[in-house]
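Results of the structural survey
Here's the letter readout for the chains.
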Amino acid sequence: MNWVVLVAAALALVSAVTVVRARIPVHSVLALVLNLISLAALFIALDAEFMGLVQVIVYAGAVMVMFLFVVSLLGARREAIEREMSLLPGQEGLGALAALLLLAALLLAVLRQAYPAPAALFAGFGTVRAFGAALFYEHVLVLQFAALLLMVAVVGVVVLIARRDQGR
Amino acid sequence: MPGMPIHGYLVLSAILFVIGLAGVLVRRSPLVMLMSIELMWGAAALLFLTFARQWGTMAGHVFSFLIIVVGAAEAAIGLALIVLIFRTRDAADVDDVRALRG
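1. With respect to the domain arrangement of chain A
Residues and elements named next belong to chain A. Domain parsing of chain A yields domain 1 (1-85) and domain 2 (126-168). Listed per partner, the contact involves five residues of domain 1 and four residues of domain 2. The contact between domain 1 and domain 2 buries some 350 Å² in all, and 75% of this surface belongs to carbon and sulfur atoms. Counting across the interface, domain 1 meets domain 2 through zero salt bridges. Where domain 1 packs against domain 2, one counts two residue pairs in polar contact (both at pLDDT 80 or more). Grouping the amino acids of the side of domain 1 that touches domain 2 by side-chain chemistry returns three nonpolar, no polar and two charged.

2. Here we look at the interface of chain A and chain B
Opposite the 85 residues of chain A that make contact, chain B presents 77 residues. Each partner contributes to the roughly 7,400 Å² buried at the junction of chain A and chain B, and carbon and sulfur atoms together form 77% of this total. Summed over the shared surface of chain A and chain B, the result is two salt bridges. The interface formed by chain A and chain B contains 10 residue pairs in polar contact (both at pLDDT 80 or more).

3. Overview of the packing of aromatic side chains
Counted under the stated rule, the structure contains five aromatic pairs over all chains. Between phenylalanine 122 of chain A and phenylalanine 125 of chain A, the ring centres sit 5.6 Å apart and the planes meet at 75°, which makes this aromatic pair edge-to-face. For phenylalanine 125 of chain A, a relative accessible area of 5% translates into the label buried. Judged by centre distance (4.5 Å) and plane angle (10°), the ring pair of phenylalanine 48 of chain B and phenylalanine 63 of chain B falls under stacked. One end of the pair, phenylalanine 48 of chain B, is in helix α2 (residues 30-55); the other, phenylalanine 63 of chain B, is in helix α3 (residues 59-89), with 15 residues separating them in the sequence. Overall, phenylalanine 48 of chain B belongs to the partly exposed group, its relative accessible area being 31%. Three or more aromatic residues joined by ring pairs form one cluster here, namely Phe50 and Phe131 of chain A together with Phe65 of chain B.

Definitions and cut-offs
- Residues numbered from 1 in each chain as written.
- Chains lettered and ligands numbered in written order.
- Predicted model: local features only at pLDDT ≥ 70, side-chain atom pairs only at ≥ 80, totals over all residues.
- Heavy atoms only, no water.
- Domains from an automatic or database assignment.
- Contact = heavy atoms within 4.5 Å.
- Buried area = accessible area lost by both parts, 1.4 Å probe.
- Salt bridge = Lys/Arg side-chain N within 4 Å of Asp/Glu carboxyl O.
- Polar contact = N/O pair within 3.5 Å; in protein donor to acceptor, adjacent residues only side chain to side chain.
- Nonpolar A, V, L, I, M, F, W, Y, C, P; charged D, E, K, R; others polar.
- Phe/Tyr/Trp six-rings, centres within 6.5 Å; stacked < 30°, edge-to-face > 60°.
- Buried < 20%, exposed > 50% of the residue type's maximum accessible area, 1.4 Å probe, protein only.
- Helix = DSSP H or I, 4+ residues; strand = E, 2+ residues; numbered from the N terminus.

Have a look at this one:
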């Protein structure tokens, strides 16, 4: 047991609950940043140095700034007003029940399985060099699809936003 | 497994995923729902990296890299949709757009 890992895991859980429970969206965004950073600490503990750094730079940095930007664009005050009652009766109870059922199923599946001791790692596991070799030698198709997906996302966003303005 | 036994990571990932799912099902603010989806992406990435460490292969790292890419793309499109919905309806609640008409 390593206390850094335990603290990161506890922080991830607490911040995840805060994301869901916070009434003000800015608090949710900040809790999500904390969640992603503690996940990055866990990634580094799992010998995934490069993925931990990417998580901090790309996710906690770029994507979360985009979230904060949209939250402030829409007005943090107005967005905080969520309707008190759902139009679907019992939505909260049913949603929580479904989530608990899934949790029970997942825990049952996870805890019944026994695993051997972790495999021995080759030198440089999880570094940028090993990651680049895996991505560019063995999984080139993944790289191509990721590039295509990002391209489609960018074009999609531009099309979505631009179409409104043409009508005016 | 470094830090804690592998079951600790698996249970943590399951709980994080379920918290995200509960957020999508229970909350009705579109921004918070999108953030809950990000929680689920993070739980999945943690699971892939745990098993990459368990079996000592880099394939799990490549897949969790793909998860980050897909998460970023999904956040971009989702936020664009939310901005569009707010422009047309001033809605703070997904129940207000249930008709799916402009």
